Amino acid sequence: MTVATTESKLIAPPLISPHGGTLVDRTGDRPDGVDALETLTLTSREVSDLDMLASGALSPLDGFMGREDYERVVDEMRLASGLPWALPVCLAVDDAPSGDSVALADEAGRVLAVLEVTEVYDYDKEREAERCFRTTDDAHPGVARLYEQKTRYLAGRVTVFDRPEPAFPELALDPSETRAAFAERGWRRVVGFQTRNPIHRAHEYLTKVALETVDGLLIHPLVGDTKSDDVPAATRVECYRVLVDGYYPAERVLVSAFPAAMRYAGPREAIWHAICRKNFGCSHFIVGRDHAGVGDYYGTYDAQLIFDEFAPHELDIEPMFFEHSFWCRTCGSMASAKTCPHDASQHVFLSGTKVREILAAGELPPVEFSRPEVANVLIEAYRK
Ligand SMILES: [Zn+2]
């Protein structure tokens, strides 16, 4: 255990290297002449990608992808360099811009960045859907968004001079900042937990099981765009706060927001989420059943099996696979099908629909399912 002095920081063990070896920083000063440039308006998903490019969360990418990277990512889950990469990070446009540089603005018209144009290219939406989402069904929210996009991709390095305001400033930490926080605490092995839902006992259990084997836990809820029927981010963030305050040792856990927009690409998104967390300094990443899935587009274990498509240590970050867990009355503890031999009648299990019914009625679910502090936050949210 290192003490946080200047001297011990110097000898603190190294954290995992960023993907590709170097943490990218594409923040910079506002160049002269931005106002004279053609301005492109980005969707909220593109703004979130832009901000992740700025902070190095998408290292080694330093801008929106060119055709060579894009094609190989779609076909083989690799950048042109051969480095693993699971999902396109692209900027859709109607026409090629006239100049060498364009200004990038959010939907409110605020200019955030400049992009040095290298290439504009056509892409095949159905092919991207089939390869990345494993479906061309436009009922899939990620596919629907892809189909609504403009028809060409614009590539080039970005320089971001005005970062979008984070939804939760107190939780906003860039990869360089989470890395500094881990180093300061003397953590070397850190497990990241991705979530877009409130944490019930099952998730508490698997994060703690993972934490038993490493130095620290990064609870990294996704606060970018989600489907409208997911629990609102503000409610989820309050759930994490009350859970961590009441049930986790403060010196072993960090809660910070992951600024990505959900793509609902299931298996490929699990790889992408893992690579991003590596950039934030995590050596391990929790992958549950149907990670980043939606509806029944993906098999239960697809998001775990896809990690086998890479050679050992190629991703560097180590995935930790988990089963659904539950409270077992006979075991008298949390357990999963892997660790409990008892009949399902002994397991406290509630469907998502059932939990919502209970909470909407203002009642507490069984304490074996949900901590009352978390349930009360959700009841309060339903009341509004
Ligand atoms: Zn049992």
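Given the structure is predicted, the values throughout are model-derived calculations rather than measurements.

Trainee: I tried to follow the overall build of the chain on my own but got confused; where do I start?
Mentor: Along the chain, the regular secondary structure elements total 12 helices and 14 strands. Taken against the 2.2 N^0.38 rule, which gives 21 Å for 384 residues, the C-alpha radius of gyration of the chain at 21 Å falls within 12% of a compact globule. Seen through its principal axes, the chain has C-alpha atoms that stretch 70 × 55 × 45 Å. Going through the 384 residues of the chain one by one, you find that 51% of them count as buried. Put simply, of all contacts in the chain between residues at least 6 apart along the chain, 73% involve residues at least 24 apart. Element-wise, carbon and sulfur atoms account for 49% of the exposed surface of the chain, whose accessible area totals about 17100 Å². Here the chain contributes 40 positively and 61 negatively charged side chains, and the mean placements of these two sets differ by 5 Å.

Trainee: For this particular structure, what's the right way to read the coordination of the zinc ion?
Mentor: For a metal with four tetrahedral donors the ideal donor-metal-donor angle is 109.5 degrees, while six octahedral donors give ideal angles of 90 or 180 degrees. Coordination of the zinc ion by the protein comes from Cys-328 (SG), Cys-331 (SG), Cys-340 (SG) and His-342 (ND1), over a distance range of 2.1 to 2.4 Å. Considering all four donor atoms around the zinc ion, the spread of angles at the metal, 104 to 116 degrees, places the coordination shape in the tetrahedral class. The sequence pattern formed by the donor residues of the zinc ion is C-x2-C-x8-C-x1-H.

Trainee: What is the right way to look at the sheet that holds strand 7 (residues 190-195) in this model?
Mentor: Two orientations exist for strands paired in a sheet by backbone hydrogen bonds: parallel and antiparallel. Read across the open sheet, the five strands follow the order 9-8-7-10-11; overall the sheet is parallel. Each edge of the open sheet carries a strand with a single partner, namely strand 9 (253-255) and strand 11 (318-321). With direction set aside, neighbouring strand axes in the sheet form an average angle of 25 degrees. As paired elements, strand 7 and strand 8 (residues 216-221) share six bridges and run parallel to each other. By the bridge assignment, Thr-195 is partnered in strand 8 with Pro-221. Across the sheet, helix 9 (residues 267-279) is in contact with strand 7, strand 8 and strand 10 (284-287); its angle to strand 10 comes to roughly 155 degrees.

Trainee: Before we go on, may I ask you to explain helix 11 (residues 352-360) in this structure?
Mentor: Counting along an α-helix, one turn takes 3.6 residues, and residues three or four places apart therefore face a common direction. Every buried residue of helix 11 is listed here: Val-355, Ile-358 and Leu-359. When helix 11 is viewed along its axis, its buried side chains cluster within an angular range of 95 degrees and face the same direction. Of the residues flanking the end of helix 11, it is Gly-362, one or two places downstream, whose phi is positive at about 80 degrees.

Rules of the game
- Residues numbered from 1 in each chain as written.
- Predicted model: local features only at pLDDT ≥ 70, side-chain atom pairs only at ≥ 80, totals over all residues.
- Heavy atoms only, no water.
- Helix = DSSP H or I, 4+ residues; strand = E, 2+ residues; numbered from the N terminus.
- Rg over C-alpha atoms; globule rule 2.2 N^0.38 Å.
- Buried < 20%, exposed > 50% of the residue type's maximum accessible area, 1.4 Å probe, protein only.
- Contact = heavy atoms within 4.5 Å.
- Areas by Shrake-Rupley, 256 points an atom, 1.4 Å probe, with all protein chains shown as cover.
- Lys, Arg positive; Asp, Glu negative; His and termini not counted.
- Charge placed at Lys NZ, Arg CZ, Asp CG, Glu CD.
- Donors = N, O, S within 2.8 Å, 3.2 Å for Na, K, Ca; no water.
- Tetrahedral: all angles 85-135°; square planar, octahedral: opposite > 155°, others 65-115°.
- Pairing = 2+ DSSP bridges.
- Axes fitted to C-alpha atoms, helices over the stretch in contact; angles between N-to-C directions.
- Arc of directions from axis to C-beta.

Keep in mind that these numbers describe shape and distance, not what the molecule does.
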